[in-house]
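Fold and geometry: a report
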Amino acid sequence: MPKSQSVEMFILTVPISAIKKLSDEQRFAYYLLGHIFNELMCLQKLVSFSLPKHDDNRPARLRPELGQAMFMFRLASGKVWEARESIRNSKELAEALRKDVLPKMPDGLARLKALNKAVNDATWLRSLRNGMGFHFPTFERWHTHVVPDESWVDDLVFLGDKSGNTYYDAADTIAQAWMFEQYGAVDLKTAVNPLIGQMIDLLSMINSFLEEALGTFIAEVILDGSVTPQAAGKVLAPEFKSVDVPFWTAMPAKSS
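Notes on the structure in this doc start here. Computed from a predicted structure; not experimentally measured. (Residues numbered from 1 in each chain as written. Predicted model: local features only at pLDDT ≥ 70, side-chain atom pairs only at ≥ 80, totals over all residues. Heavy atoms only, no water.)

1. Quick word on the packing of helix 3 (residues 59-89) against helix 5 (residues 108-121)
Applicable threshold: For helices, the axis comes from a line fit to the C-alpha atoms of the stretch in contact; other axes are also lines fit to C-alpha atoms, and the angle between any two N-to-C directions lies between 0 and 180 degrees. Helical segments are the DSSP runs of H or I of at least four residues, strand segments are the runs of E of at least two, and each set is numbered from the N terminus. These descriptions rest on fixed angle ranges, namely under 35 degrees for roughly parallel, over 145 for roughly antiparallel, 65 to 115 for roughly perpendicular, and the rest for oblique. Each crossing gets its hand from how the near helix is turned against the far one by less than a right angle, where anticlockwise is left-handed and clockwise is right-handed. In what follows, residue pairs with any heavy atoms lying within 4.5 Å of each other are defined as contacts.
Close contact between helix 3 and helix 5 brings their axes to 11 Å; oriented N to C, the two are set at 135°. Considering their axes alone, helix 3 and helix 5 lie oblique with respect to each other. Of the two possible hands of crossing, helix 3 and helix 5 adopt the one that is left-handed. Listed contacts from helix 5 to Val80, Trp81, Arg84, Ile87 and Arg88 of helix 3 are Leu112, Leu115, Asn116, Val119 and Asn120.

Here it is as structure tokens:
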């Protein structure tokens, strides 16, 4: 069982009277920023939780877990790209940031420029989003990867006694080969850690920017400097590094 400890919870109340004073466009920007942050933070956690944290290197144990982690990774990659697109191309969001938030946010404009540069430098993000993150691949995209060569070996299908423990390993091999090709990798084994590391850095960077932007939006724009979170008790929470998302699970028997 994961180690746990008590974590303090707080609540910040944003009065409806203050929300009503915003324009429709400001409210849209405020809620969209919060929505983007919620999704990206959830995905940042899931990517970390999905990476195997054990020394069991049996293919039947390890490969489904890695495939599951790469699925989370692809979703996160697509959402990072979409977040940057919303920040840059949503007229209402861009205007709220430019007029209301960035001038009041320490180094706000510089941080936004750094974020844009980091996403632009990750040239694999867009192709990963379009090619697999939010869509299933076309024949044209996968064509070169589904033609056998001398490196191919037998396909493996990992099975439990319930369908929830079924994993088609060869299909994920093709998916990962295409995925790492977008990164420009020749050797998948040496590319995994750098690519995941870059993705986690991007997630951390954009989430940090969003959290600071939302904090500024709430404190300086909506509440005009009056921010007082209230204690909301404690919750027993597992230690972050001890949490994992397993592939193999004891599935319940089907009800009659």
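2. A few points about the nonpolar core
In plain terms, the rule: Among buried residues, the Ala, Val, Leu, Ile, Met, Phe, Trp, Tyr and Cys ones that are joined through side-chain atoms within 4.5 Å form a nonpolar core. Think of it in three bands: with a 1.4 Å probe and only protein chains considered, a residue is buried below 20% of the maximum accessible area for its type, exposed above 50%, and partly exposed in between.
Counting 54 residues, the largest nonpolar core has Trp124, Leu125, Leu210 and Ile222 as the members making the most contacts within it. Those elements giving two or more residues to this core turn out to be helix 1 (16-20), helix 2 (24-50), helix 3, helix 4 (91-101), helix 5, helix 6 (124-133), helix 8 (169-183) and helix 9 (188-222). Among the elements that take part in this core, helix 9 stands out by supplying 13 residues, more than any other. For Trp124, the contacting residues outside a window of four places in its chain are Phe73, Ser77, Gln182, Tyr183, Leu195, Gln198, Met199 and Leu202.

3. Focus: a nonpolar patch on the surface
For clarity, the cut-off: Put simply, a patch holds well-exposed residues, over 30% relative accessible area, that have no salt bridge, with like charges counted together within 9 Å and Val, Leu, Ile, Met, Phe, Trp or Tyr side chains within 5 Å. Note on areas: these come from Shrake-Rupley sampling with a 1.4 Å probe, and a residue is covered only by the protein chains present in the view. Should a side-chain nitrogen of Lys or Arg be within 4 Å of a carboxyl oxygen of Asp or Glu, the pair is scored as a salt bridge.
There is a patch of nonpolar side chains on the surface, built from Phe139, Val146, Val147 and Trp152 and spanning about 380 Å² of accessible area. Within the element layout of this structure, Val147 appears in the loop between helix 7 (139-142) and strand 2 (157-158).

4. Describing empty space enclosed by the protein
Operational definition: Put simply, the grid is 1 Å and covers the protein atoms alone, a cavity is a trapped set of points that fit a 1.4 Å probe, a pocket is an open set with protein on both sides within 12 Å along at least five of seven lines, and lining residues have an atom within 4 Å of a point. Grid points are joined across faces, edges and corners, and a volume is the space filled by probe spheres set on the points.
Counted according to the given criterion, the structure contains one cavity of 30 Å³ or more. The computed volume of the largest cavity comes to approximately 30 Å³. In this structure, the largest cavity is lined by Phe49, Ser50, Leu51, Pro52, Lys53, His54, Glu65, Asp244 and Val245.

5. Side note on the packing of aromatic side chains
Going by this rule: Side-chain rings of Phe, Tyr and Trp (the six-membered ring for Trp) are treated as a pair once their centres are within 6.5 Å; stacked means planes under 30 degrees apart, edge-to-face means over 60, and tilted covers the remaining angles. Whether a charge sits over a ring comes down to the Lys NZ or Arg CZ being within 6 Å of the ring centre and within 35 degrees of the ring normal.
Enumeration over the complete set of coordinates arrives at seven aromatic pairs. With a centroid separation of 6.5 Å and 10° between ring planes, the pair formed by Phe158 and Tyr167 is classed as stacked. Each member of the pair Phe158 and Tyr167 is classed as buried. Seen in terms of ring centroids, Tyr167 and Phe247 are 5.6 Å apart; in terms of plane orientation they differ by 75°. Their pairing is edge-to-face. With Tyr167 in strand 3 (residues 167-168) and Phe247 in the segment after strand 4 (230-238), the pair connects residues that are 80 residues apart, well separated along the chain. According to the relative accessible area criterion, Tyr167 is buried, its value standing at 10%. On the basis of relative accessibility, which here comes to 10%, the residue Phe247 falls in the buried class. Within the aromatic cluster, the residues linked to one another by ring pairs are Phe158, Tyr167, Phe247 and Trp248. The ring of Trp81 has Arg84 sitting right over it, with the charged end atom 5.0 Å from the ring centre.

6. Here we look at the pattern of salt bridges
Under the counting rule described, the total for this entry stands at 13 salt bridges. Among the ionic pairs, Glu82 bridges to Arg129, the shortest N-O distance being 2.6 Å. Residue Glu82 is located in helix 3, and its partner Arg129 is located in helix 6; the two are separated by 47 residues in the primary sequence. Residue Glu95 pairs with Lys99 through a salt bridge whose shortest N-O separation is 3.1 Å. With Glu95 and Lys99 both in helix 4, this residue pair falls four residues apart, about one helical turn. Overall, Lys99 belongs to the partly exposed group, its relative accessible area being 47%. Overlapping salt bridges bring together Asp56, Arg58, Arg61 and Glu65 as one network.

7. Focus on the packing of helix 3 against helix 8
Convention followed: Gly is placed with the polar residues, together with every amino acid not listed as nonpolar (Ala, Val, Leu, Ile, Met, Phe, Trp, Tyr, Cys and Pro) or charged (Asp, Glu, Lys and Arg).
Orientation of helix 3 relative to helix 8, taken along the N-to-C sense of each, is 45°, at an axis distance of 11 Å. The pairing of helix 3 with helix 8 is recorded here as oblique in orientation. In terms of crossing hand, the pair formed by helix 3 and helix 8 is left-handed. When helix 3 is examined against helix 8, the residues Arg63, Leu66, Gly67, Met70, Phe73 and Arg74 are found in contact with a partner set consisting of Asp169, Asp172, Thr173, Gln176, Met179 and Phe180. Partitioning the contact of helix 3 with helix 8 into residue classes produces five nonpolar, three polar and four charged.

8. Here's the deal with the environment of Ala94
Checked against the element boundaries, Ala94 lands in helix 4. By relative accessible area, which is 28% here, Ala94 ends up partly exposed. C-alpha separation for the pair Ala94 and Ala29, spaced 65 residues apart in sequence, amounts to 8.2 Å. Setting aside chain neighbours within four positions, we find Ala94 in contact with Ile87 and Arg88.

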